[in-house]
Amino acid sequence: DIIRILARVIFTVLLVLNLDLDVGWSWWLVFLPMFAMAGCIVGSAFGNFAKTQSEAVKRDPAMFGLDPNGEESSYSKMDENKPAELTDEEKDELKAKVAQSAYRAVGTCFSQCFFIIITCVLIGKIEGAGYSALVIISPFLAAGGIVLCCLACTIFCISEVDENAG
């Protein structure tokens, strides 16, 4: 959160300097803190995923294809307290935590990529690119089309279940 606040403050200062004092900086330089913030957000999300996955590996190495009874490393020799065997419910909960963390990381990556694409198109237009303003809103139109397509498939592809059949 501190990095987000710092990036927003730096962006605001650069924006005010460029607009009010007519410094003449490139708009790419003004928006650079926003790109750095997006990178930090994605890095943090994948860092949380890595942390969650490493905790899951410590609790159940067999779930990730590691042999818990195989060759021990020097680090595992130091750990005298080996984890107890997990129940099926605990394994399912562990898998769910790792999957949820992965979904969050991928979702964060896609949302930040969408933000960066929109920002780049907007900066290009501000810098004087010759494309239409429709290009700026085209990612929103594409995302809306994908959402509507998914909703339509969900609504129309669900078939009624005949309770009398078998």
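Use the structure listed above.
Before going into details, it helps to say that this report is about the structure given with it.

Each value, and the rule that gives it
- Residues numbered from 1 in each chain as written.
- Predicted model: local features only at pLDDT ≥ 70, side-chain atom pairs only at ≥ 80, totals over all residues.
- Heavy atoms only, no water.
- Helix = DSSP H or I, 4+ residues; strand = E, 2+ residues; numbered from the N terminus.
- Contact = heavy atoms within 4.5 Å.
- Areas by Shrake-Rupley, 256 points an atom, 1.4 Å probe, with all protein chains shown as cover.
- Patch = residues over 30% accessible without salt bridge, like charges linked within 9 Å, V, L, I, M, F, W, Y side chains within 5 Å.
- Salt bridge = Lys/Arg side-chain N within 4 Å of Asp/Glu carboxyl O.
- Lys, Arg positive; Asp, Glu negative; His and termini not counted.
- Charge placed at Lys NZ, Arg CZ, Asp CG, Glu CD.
- Buried < 20%, exposed > 50% of the residue type's maximum accessible area, 1.4 Å probe, protein only.
- Disulfide = S-S within 2.5 Å.
- Polar contact = N/O pair within 3.5 Å; in protein donor to acceptor, adjacent residues only side chain to side chain.
- Phe/Tyr/Trp six-rings, centres within 6.5 Å; stacked < 30°, edge-to-face > 60°.
- Core = buried A, V, L, I, M, F, W, Y, C linked by side-chain atoms within 4.5 Å.

1. With respect to the overall build of the protein
Link 1 in the chain: For the protein, the count of helices and strands is six helices and zero strands.
Link 2 in the chain: Along the protein, helices and strands appear, N-terminal first, in the series α-α-α-α-α-α.
Link 3 in the chain: A fraction of 57% describes how many contacts in the protein between residues 6 or more apart in sequence connect residues 24 or more apart.
Link 4 in the chain: With the model as given, the accessible surface of the protein reaches about 12300 Å², and the carbon-plus-sulfur share is 64%.

2. Considering a negative patch on the surface
Link 1 in the chain: A cluster of acidic residues, Asp88, Glu89, Glu90 and Asp92, forms a negative patch on the protein surface.
Link 2 in the chain: Within the secondary structure layout, Asp88 lies in helix 5 (residues 88-126).
Link 3 in the chain: Accessibility expressed as a relative area gives 60% for Asp88, which makes it exposed.

3. Things to note about the environment of Met34
Link 1 in the chain: Within the secondary structure, Met34 is located in helix 3 (residues 32-59).
Link 2 in the chain: Note: C-alpha distance between Met34 and Phe11 (23 residues apart in sequence) is 6.9 Å.
Link 3 in the chain: Setting aside residues up to four positions removed in sequence, Met34 forms contacts with Phe11 and Phe115.

4. Observations regarding the state of the cysteines
Link 1 in the chain: The full count for this structure, using the stated rule, is zero disulfides.
Link 2 in the chain: We note that Cys109 lacks a disulfide partner, and the nearest cysteine sulfur, in Cys113, lies 4.2 Å from it.

5. Topic: the side chain of Asn18
Link 1 in the chain: For Asn18, the position within the fold is in helix 1 (residues 2-20).
Link 2 in the chain: In this structure the side chain of Asn18 is engaged in a polar contact, spanning 3.1 Å, whose partner is the backbone nitrogen of Trp25.
Link 3 in the chain: In contact with Asn18, not counting residues within four places along its chain, are Val23, Gly24, Trp25, Trp27 and Val30.

6. Some words on the packing of aromatic side chains
Link 1 in the chain: Tallied over the entire structure, the rule returns four aromatic pairs.
Link 2 in the chain: An angle of 50 degrees between the planes, with centres 5.0 Å apart, marks the rings of Phe11 and Phe31 as tilted. Remark: Phe31 occurs in the loop between helix 2 (27-30) and helix 3 and Phe11 occurs in helix 1; sequence separation between them is 20 residues. The same class applies to Phe11 as to Phe31, namely buried.
Link 3 in the chain: For Phe31, a relative accessible area of 12% puts it in the buried group.
Link 4 in the chain: Ring pairing ties together the aromatic residues Phe11, Trp27 and Phe31, which thus form one cluster.

7. Things to note about the nonpolar core
Link 1 in the chain: Ranked by size, the top nonpolar core spans eleven residues in total: Ala7, Phe11, Leu14, Trp27, Val30, Phe31, Met34, Phe35, Met37, Ile41 and Ile123.
Link 2 in the chain: Every element with two or more residues in this core is listed here: helix 1, helix 2 and helix 3.
Link 3 in the chain: A total of four residues in this core trace back to one element, the largest contributor, which is helix 3.

8. Observations concerning the pattern of salt bridges
Link 1 in the chain: All told, the structure shown has one salt bridge when counted by the stated rule.
Link 2 in the chain: With a closest N to O distance of 3.8 Å, Glu93 and Lys97 form a salt bridge. Taken together, the residues span about one helical turn, with Glu93 and Lys97 both in helix 5 at a distance of four residues.

9. A short note on a nonpolar patch on the surface
Link 1 in the chain: On the surface, a nonpolar cluster with roughly 450 Å² of combined accessible area is contributed by Leu21, Val23, Trp25, Leu29 and Leu32.
Link 2 in the chain: By the secondary structure assignment, Leu21 is in the loop between helix 1 and helix 2.
Link 3 in the chain: Taking relative accessible area as the criterion, Leu21 reaches 58% and is therefore assigned exposed.

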